[in-house]
Amino acid sequence: MATKQDVKVLGWSASPFVARARIALNLKGIEYEFLNEDLGRKSDLLLKSNPVYKKVPVLFHGGKPVCESLLIVQYIDEVWADSGLPILPADAYDRAVARFWAAYIDDKLPNQTPVLLGEADEATKAEALQQMSAALQQLEEVFEKCSEGKSFFGGDTIGYVDISLGSYLGWMKAMEKIAGIKLLDEEKIPRLVKWAERFCSSDAVKEVIPEVDQLVEFSNVLRAAFNAAASPSN
Amino acid sequence: MAVPEKGVKLLDSWISPFGQRCRIALAEKEVEYEYNEEDLSKKSDLLLKSNPVHKKIPVIIHDGKSICESLIIVEYIDEVFPGKTNILPSDPYARSHARFWADFVDKKVYDSGSKLLKSKGKELEEANKELIGIFKTLETELGEKKYFGDDAFGLVDIAFAPFTSWFYTFEAFGGFSVEEECPKLAAWGKRIKERESVAKSLHEPSKVYDLFSEIRKKFVDA
């Protein structure tokens, strides 16, 4: 039985990738210690435990590091297979489909975020918005097919694709506010909008994804720091 | 309602290192399958129907259901066909470690290699440096092990194996030697060819070189 000391997550609370690890642990009912990584300076622990990418999240289990958010979720599902509910489907084909859509989400969504929140010109931002909206439209169709009328991509309970996409919901709402765009559009993706409400209000998720205003504030801090670093007086 | 066709079909393209991963995995598991060579300039209806999202090879179709993305396909093959060997280890930590390094190969080798093949001058120098750096990282991970999977030939070996046929081409265009820069990696490259699954799935390096020389002549040197 894992004790809290056995399991740690290294990350920062605004990161959607870190959220994935925490949501998965919550779904399995596993207690863990959250180690807050300072954004301004990568810790020795991070550099030592993820020397290849030097990125969060890192999961520590019995002192051993696991890196890459989706791999961490799969690890959690496999190690604690007897705790909580399964995150990946039991059937091999369904597992392959879930992995496919998680990879799709990571391919299509994160790259657009810095563009939409940054200083790119209008045309570039419009293109990024179009890409993101098209991906969400595709995922609306996937949800209809995968959920089979149930609450989540995973069926009755939160699964792998839910975690992969759901972890971005905080930032999607923040982007809507910051960039004045509509991503979670009830008219275009009604099922996903309702799914998003269910996902965000679930016990495993609600304390993990920060409030929109917190993320907006965080984004302002990040942008100020970025601009300060780029300023000619430095 | 049509009954799905039984068996395994692989939609692929001869030069694709991603397709080769699937061929190696199927051979490791001794699975019989039908190989369909796709003309990527004129994609078949079957490909477009089986991979409507990306329209890319490889795709395997197993009893009528299609699975896309090479590493996802390899894991699927491992899970569904028991065979004599396991491609992934059974221990969850070892599995996450294997997936991490297979993913590293996926993220880094093809893009960096392609950059090298398409560039010249300063750009080529930088691409060269980047690719050698990636190979050195992989060599550090390999260490003194027989395979990336330690004693067992596994996921990371399968992920990287097809690129060994590209070493000669990288060396010729980049002006470096894999043997000199990464002797352990070069030795691993020779070792894996002793496995039948790899030997029959990989191309002669000269064939890869000829293809990319042609492409380079048309698009880079022109």
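Residues numbered from 1 in each chain as written. Chains lettered and ligands numbered in written order. Predicted model: local features only at pLDDT ≥ 70, side-chain atom pairs only at ≥ 80, totals over all residues. Heavy atoms only, no water.

J.: What is the right way to look at the pattern of salt bridges in this model?
T.: Two side chains carrying opposite charge are able to pair once their charged atoms lie near each other. Overall, the coordinates contain 30 salt bridges over all chains when judged by the stated rule. Between Arg99(A) and Glu79(B) there is a salt bridge, with its nearest N and O atoms 3.3 Å apart. You can see Arg99(A) sitting in helix H4 (residues 92-108) and its partner Glu79(B) sitting in helix H3 (residues 70-80), one on each of two chains. According to the relative accessible area criterion, Glu79(B) is partly exposed, its value standing at 28%. Lys9(B) is the salt-bridge partner of Glu5(B), the closest N and O atoms lying 3.3 Å from each other. Members of the salt-bridge network, linked through shared partners, are Glu78(A), Arg95(A), Arg99(A), Glu75(B), Glu79(B), Arg95(B) and Arg99(B). (Salt bridge = Lys/Arg side-chain N within 4 Å of Asp/Glu carboxyl O. Helix = DSSP H or I, 4+ residues; strand = E, 2+ residues; numbered from the N terminus. Buried < 20%, exposed > 50% of the residue type's maximum accessible area, 1.4 Å probe, protein only.)

J.: Explanation requested: the sheet that holds strand S2 (residues 34-37) of chain B in the structure shown.
T.: Neighbouring strands of a sheet are bound in pairs by backbone hydrogen bonds; such pairs are parallel or else antiparallel. All names here are of chain B. Taking strand neighbours across the sheet as the criterion, the four strands line up as S2-S1-S3-S4 in an open arrangement whose pairing is mixed. Edge positions in the sheet fall to S2 and strand S4 (65-68), since each has one partner strand and no second. Taken over all neighbouring pairs, the strand axes of this sheet differ in orientation by 20° on average, direction set aside. The sheet contacts of helix H1 (residues 17-28) involve strand S1 (8-12) and S2, and relative to S1 the element is tilted by about 155°. (Pairing = 2+ DSSP bridges. Axes fitted to C-alpha atoms, helices over the stretch in contact; angles between N-to-C directions. Contact = heavy atoms within 4.5 Å.)

J.: In this structure, what is going on with the packing of helix H5 (residues 121-142) of chain B against helix H7 (residues 167-174) of chain B? I would like to understand it.
T.: When two helices pack together, you describe them by how their axes are tilted relative to each other and by the distance separating the axes. Residues and elements named next belong to chain B. Packing of H5 against H7 leaves a shortest axis separation of 10 Å and a crossing angle of 140°. Handedness of the crossing formed by H5 with H7: left-handed. Residues Leu124, Asn128, Leu131 and Phe135 of H5 pack against Phe167, Phe170, Phe173 and Gly174 of H7. Residues belonging to the contact of H5 with H7 are distributed by class as follows: six nonpolar, two polar and no charged. (Left-handed = near helix turned anticlockwise from the far one by under 90°. Nonpolar A, V, L, I, M, F, W, Y, C, P; charged D, E, K, R; others polar.)

J.: Is there a simple way to think about the pairing of S2(B) in this case?
T.: On a regular strand, one side chain projects to one face of the sheet and the next to the other, so that they alternate. Both S1(B) and S2(B) contribute to a ladder of four bridges, which runs parallel. Opposite Leu11(B), over in S2(B), you have Asn36(B) as the bridge partner.

J.: Which parts of the structure should I look at to understand the domain arrangement of chain A?
T.: Note: interface size is frequently given as the accessible area lost on complex formation between the parts. All names here are of chain A. According to the domain assignment, chain A consists of domain 1 (7-79) and domain 2 (92-214). Each of domain 1 and domain 2 has a C-alpha centre, and these two points are 21 Å apart. Both faces combined, the contact of domain 1 with domain 2 buries some 1,500 Å², and carbon together with sulfur accounts for 68% of it. Considering only the surface of domain 1 that becomes buried against domain 2, Arg20, Ile23 and Leu70 emerge as the three largest contributors, covering 37% of it. Seen at the junction of domain 1 and domain 2, the total is one salt bridge. Between Asp106 and Arg20 there is a salt bridge, with the nearest N and O atoms lying 2.8 Å from each other. In this assembly, domain 1 and domain 2 are joined by seven residue pairs in polar contact (both at pLDDT 80 or more). Of all the secondary structure elements, the ones that give two or more residues to the side of domain 1 that touches domain 2 are helix H1 (16-27) and helix H3 (69-79). (Domains from an automatic or database assignment. Buried area = accessible area lost by both parts, 1.4 Å probe. Polar contact = N/O pair within 3.5 Å; in protein donor to acceptor, adjacent residues only side chain to side chain.)

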